[in-house]
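Given next are the chains, with one letter for each unit.
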Amino acid sequence: MRTMTALFALAISVAGCTSTDGDDELLVFAAASLTEAFGALETAFEADHPDVDVVIHLAGSQRLAAQILEGAPAEVFASADEVQMARVVAAGEARAAPRVFAHNRLVVVVPAGNPRGVAGLADLAREDLSVVLAAGHVPAGAYTREVLDRAGVEVEPVSLELDVRSVVSRIALGEADAGVVYTSDLVGEDEVVGIEVPDELNVTADYPIVVLDDAGTAADRFVELVLSDRGRGILEDAGLRVP
Amino acid sequence: MSASTSSPTPRGIGLLALVAVVLLALPLLGLALRAPWSRLPDLVGDPQVAAAVRLSVGTSLAALLLAAVLGIPLAWVLARRSFPGRRLVRAVAVLPMVLPPVVGGVALLLAFGRRGIVGGALADATGVSLPFSTVGVVLAQAFVAMPFLVVTTEAGLRSMDRRLEDVAATLGAGRWAVLTRVTLPVIAPSLAAGLALTWARALGEFGATITFAGNLPGRTRTMPLSVYVLLETDPEAAYLLSLVLLAVSIAVLLGLRGSLLERTGSDEAPR
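As the structure is a prediction and not an experimental result, all values here were calculated from the model.

What counts, and at which threshold
- Residues numbered from 1 in each chain as written.
- Chains lettered and ligands numbered in written order.
- Predicted model: local features only at pLDDT ≥ 70, side-chain atom pairs only at ≥ 80, totals over all residues.
- Heavy atoms only, no water.
- Helix = DSSP H or I, 4+ residues; strand = E, 2+ residues; numbered from the N terminus.
- Buried < 20%, exposed > 50% of the residue type's maximum accessible area, 1.4 Å probe, protein only.
- Contact = heavy atoms within 4.5 Å.
- Areas by Shrake-Rupley, 256 points an atom, 1.4 Å probe, with all protein chains shown as cover.
- Lys, Arg positive; Asp, Glu negative; His and termini not counted.
- Charge placed at Lys NZ, Arg CZ, Asp CG, Glu CD.
- Core = buried A, V, L, I, M, F, W, Y, C linked by side-chain atoms within 4.5 Å.
- Pairing = 2+ DSSP bridges.
- Right-handed = clockwise from strand over helix to strand, strands pointing away.
- Salt bridge = Lys/Arg side-chain N within 4 Å of Asp/Glu carboxyl O.
- Axes fitted to C-alpha atoms, helices over the stretch in contact; angles between N-to-C directions.
- Nonpolar A, V, L, I, M, F, W, Y, C, P; charged D, E, K, R; others polar.
- Parallel < 35°, antiparallel > 145°, perpendicular 65-115°, else oblique.
- Left-handed = near helix turned anticlockwise from the far one by under 90°.
- Expected span 1.5 Å × (residues − 1).
- Bend = angle between axes of the 7 residues up to and from the residue.
- Polar contact = N/O pair within 3.5 Å; in protein donor to acceptor, adjacent residues only side chain to side chain.
- Phe/Tyr/Trp six-rings, centres within 6.5 Å; stacked < 30°, edge-to-face > 60°.
- Lys NZ or Arg CZ within 6 Å of the ring centre and 35° of its normal.
- Patch = residues over 30% accessible without salt bridge, like charges linked within 9 Å, V, L, I, M, F, W, Y side chains within 5 Å.
- pLDDT = per-residue confidence, 0-100.

**What to know about the overall build of chain A**
Logical step 1: Summing up its helical and strand segments, chain A has 8 helices and 9 strands in all.
Logical step 2: Along the first, second and third principal axes, the C-alpha set of chain A runs to 60 × 50 × 30 Å.
Logical step 3: Looking at chain A residue by residue over its 243 residues, the buried ones come to 51%.
Logical step 4: Considering only contacts within chain A whose residues lie at least 6 apart along the sequence, 77% involve residues at least 24 apart.
Logical step 5: Element-wise, carbon and sulfur atoms account for 52% of the exposed surface of chain A, whose accessible area totals about 10,800 Å².
Logical step 6: Separation between the mean location of the 16 positive side-chain charges and that of the 41 negative ones in chain A comes to 1 Å.

Encoded structure:
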């Protein structure tokens, strides 16, 4: 019995150790493609505000929006497209009007060395290629559809992933031959390379950010950082474009 | 007339038991109450939902067949033969049951993926790629569900009266005849319970499927994967589909009445 109590107490204290004692927590929901960028922004913000513990929750923007609508206590939402942001705004969850803070472009991604000799978008229609795309309701997937329609290419993917990073990892692991992701997703990835999409076919992804209702003051300061010159520099280093 | 009285209950046990029931029942109640029943006809007619149901039923039954063809012989060997390393074999056979499903999916990729130890050779030799295929779904489901069948069948084989087999043998029955006409019928109740549990586990499989087989409507997007996707686009449809899976689970439990599960939890008042 005593062992049980001791184990129970240990479990509780370990669980409690996940949050830094005494710190205010700032919960940020960010699109999966913002993994690198917001990781760097978190470091910068916490250096400026040592009393705040920034927690970044990364997933496909459509999942984040759904979670916010279900009542998730997010304080900041950074989406990869306007569609998912509109869902959140329409539900009255936003405190103010969203601001576009970054842009992104699409690129065809293949394993390093391009073993299957993919030359461009048109090759994605090849029957001998396993192509993985983001699902249509994911921002990256919606942008991909737009680009493929514009190029007149019909692709039969072998899987429809629920966020763009999963597409990257399928290619990086060698499970698929090609995919379509954001140019920023290539930064720091040694296992994959990009094949350019011509400008006239490409889309510009607009990333809006907003502070949500019931957010603390740290949320406003975080968004200020994102929109500041310093924040723009961090975003550019992570492969995004800034307005 | 015999009077049976309950044991005196240690203080607090009753309250904790009540909390346990509430904890388990509330989510099920929440599902039943929040599901938009009025949309059920639309959902049933939706082609993607229909595809997911057909896919789930087909793959889970195929996985069950695979689990039975491979798992019952394994259970027989574990129960009836002694050999060096038997404990290790049993541990390997049971491991997928306790392994986190997504870890199972990763492991399947490393074995049967295009760069996997077997998958690479398979792809080079035959061009067959298991990930992103319906066969991959069946493999993932069989991987996580087979241990259930192995464990329940081995238990049944160990607890049956061996003399029945001996008598059949002395009466001239060959080994296959003993197996099919004596052993299997005798363990039929625990075998049936094992098959039902195995099928339910295969039907509900998610983590290994989405990791190994991918996510494509009609080919690999089973019902649990559909629920996960629908949560992002149409939560009410997700609730309804969840209810359907809940109903199937209840049906499986009802089917297991009077068998393995009930033997461990008797409905009789304690004496």
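**Focus on the nonpolar core**
Logical step 1: Membership of the largest hydrophobic core comes to 76 residues, with the highest contact counts inside it found for Leu 26, Phe 38, Phe 101 and Phe 222 of chain A.
Logical step 2: Considering each element in turn, this core owes the most residues, 7 residues, to strand β4 (residues 99–111) of chain A.
Logical step 3: Aside from chain neighbours lying at most four places away, what touches Phe 101 of chain A is Leu 34, Phe 38, Ala 78, Tyr 207, Pro 208, Ile 209, Val 226, Leu 227, Leu 235, Val 242 and Pro 243 of chain A.
Logical step 4: Counting residues in hydrophobic clusters, the runner-up holds 16 residues, among them Leu 203, Val 227, Tyr 239 and Leu 243 of chain B.

**Structural notes on the pairing of strand β5 (residues 131–134) of chain A**
All names here are of chain A.
Logical step 1: Side chains Val 131 and Leu 133 of β5 all project onto a buried face; the interleaved residues Val 132 and Ala 134 project onto the opposite face, where all are buried too.
Logical step 2: Across 2 bridges, the pairing between β5 and strand β7 (residues 178–182) is parallel. In the sheet register, Val 131 faces β7, and the bridge partner there is Ala 178.
Logical step 3: On the question of chirality, the crossover connecting β5 to the parallel strand β6 (residues 159–161) by way of helix α5 (residues 139–151) is right-handed.

**Focus on the interface of chain B and chain A**
Frequently, the measure chosen for interface size is the accessible area that the parts lose on association.
Logical step 1: On the side of chain A, 21 residues touch chain B, which itself brings 22 residues to the contact.
Logical step 2: The closest approach of N and O atoms between Glu 70 of chain A and Arg 34 of chain B, which form a salt bridge, is 3.9 Å.
Logical step 3: Counting residues per element, the ones that place at least two in the side of chain B that touches chain A are α11 (207–213), α12 (223–233) and α13 (235–255) of chain B.

**Some remarks on the packing of helix α3 (residues 47–80) of chain B against α12 of chain B**
How two helices pack is summed up by the angle between their axes together with the distance between the axes.
All names here are of chain B.
Logical step 1: Contact pair α3 / α12: the axes reach a minimum separation of 8 Å and the direction vectors enclose 145 degrees. Residues Ala 52, Val 53 and Ser 56 of α3 touch α12, and the partners they reach there are Met 223, Pro 224 and Ser 226.
Logical step 2: Residues belonging to the contact of α3 with α12 are distributed by class as follows: 4 nonpolar, 2 polar and no charged.

**Re the packing of α3 of chain B against helix α7 (residues 134–159) of chain B**
All names here are of chain B.
Logical step 1: Interaxial distance between α3 and α7 falls to 6 Å at its minimum, and their mutual angle equals 40 degrees. In this view, α3 runs oblique relative to α7, as classed from their interaxial angle. Regarding α3 and α7, the two cross each other, and that crossing is right-handed.

**Some details on α3 of chain B**
Residues and elements named next belong to chain B.
Logical step 1: Helix length check: α3, at 34 residues, gives a terminal C-alpha distance of 48 Å against a target of 50 Å (1.5 Å per residue), a fit within 8%.
Logical step 2: Ala 68 marks where α3 bends most, by close to 30 degrees.
Logical step 3: For α3, the side-chain oxygen to backbone nitrogen distance between the N-cap and Gln 48 is 2.8 Å, and the N-cap itself is Asp 46.

**Structural notes on the side chain of Asp 163 of chain A**
Residue and element names in this part refer to chain A.
Logical step 1: One can find Asp 163 in the loop between β6 and α6 (164–172).
Logical step 2: Among buried charged residues, Asp 163 stands out as having no salt bridge; its nearest opposite-charge side chain is Arg 165, 6.3 Å away.
Logical step 3: Within the local environment of Asp 163, its side chain forms a polar contact with the backbone nitrogen of Arg 165, the two atoms lying 3.0 Å apart.
Logical step 4: With sequence-adjacent residues up to four places away left out, Asp 163 is seen in contact with Ala 32, Ala 59, Gly 60 and Val 138.

**Considerations on helix α4 (residues 86–98) of chain B**
Logical step 1: Under the 1.5 Å per step criterion, the end-to-end length of α4 of chain B is 19 Å for 13 residues, consistent within 8% with the ideal 18 Å.
Logical step 2: Remark: the principal bend of α4 of chain B, roughly 25 degrees, maps to Val 92 of chain B, with a proline, Pro 96 of chain B, within the next four residues.

**Focus on the packing of aromatic side chains**
Logical step 1: Counted according to the given criterion, the structure contains 7 aromatic pairs over all chains.
Logical step 2: Judged by centre distance (6.2 Å) and plane angle (70 degrees), the rings of Tyr 143 of chain A and Tyr 182 of chain A are edge-to-face. Residue Tyr 143 of chain A is located in helix α5, and its partner Tyr 182 of chain A is located in strand β7; the two are separated by 39 residues in the primary sequence.
Logical step 3: Residue class for Tyr 143 of chain A comes out buried when judged on its relative accessible area of 9%.
Logical step 4: Above the ring of Tyr 228 of chain B, the side-chain terminus of Arg 63 of chain A is found at 3.9 Å from the ring centroid.

**With respect to a nonpolar patch on the surface**
Logical step 1: A surface patch of nonpolar side chains, about 710 Å² in accessible area, is lined by Leu 15, Leu 18, Val 19, Val 22, Leu 26, Leu 29 and Leu 33 of chain B.
Logical step 2: Judged by its relative accessible area of 60%, Leu 15 of chain B falls in the exposed class.

**Some remarks on the pairing of β7 of chain A**
Residue and element names in this part refer to chain A.
Logical step 1: With 5 of 5 residues buried, β7 lies mostly within the body of the structure.
Logical step 2: Here β4 runs beside β7; their pairing, made up of 4 bridges, is antiparallel. When the sheet's bridge partners are listed, Leu 106 is paired in β7 with Tyr 182.

**Quick notes on the confidence of the model for chain A**
Predicted coordinates in regions of low pLDDT should not be interpreted in detail.
Logical step 1: In this model, chain A carries an average pLDDT of 93, and 93% of its residues clear a pLDDT of 70 or more.
Logical step 2: At the low end of the mean pLDDT range in chain A sits helix α1 (residues 2–16) of chain A, at 68; at the high end sits strand β3 (residues 76–78) of chain A, at 98.

**Notes on a negative patch on the surface**
Logical step 1: Residues Glu 127, Asp 149, Glu 154 and Glu 156 of chain A make up a contiguous surface patch of negative charge.
Logical step 2: Relative to the assigned elements, Glu 154 of chain A resides in the loop between α5 and β6.

**Quick word on unusual backbone geometry**
Logical step 1: A positive phi is found at Asp 214 of chain A, a non-glycine position, where the angle reads about 70 degrees.
Logical step 2: Position of Asp 214 of chain A relative to the elements: it lies in the loop between β9 (204–211) and α7 (217–227).
Logical step 3: Phi at Phe 132 of chain B takes a positive value of approximately 65 degrees, unusual for a residue other than glycine.
Logical step 4: Summarising the element assignment, Phe 132 of chain B is placed in the loop between α6 (119–126) and α7.

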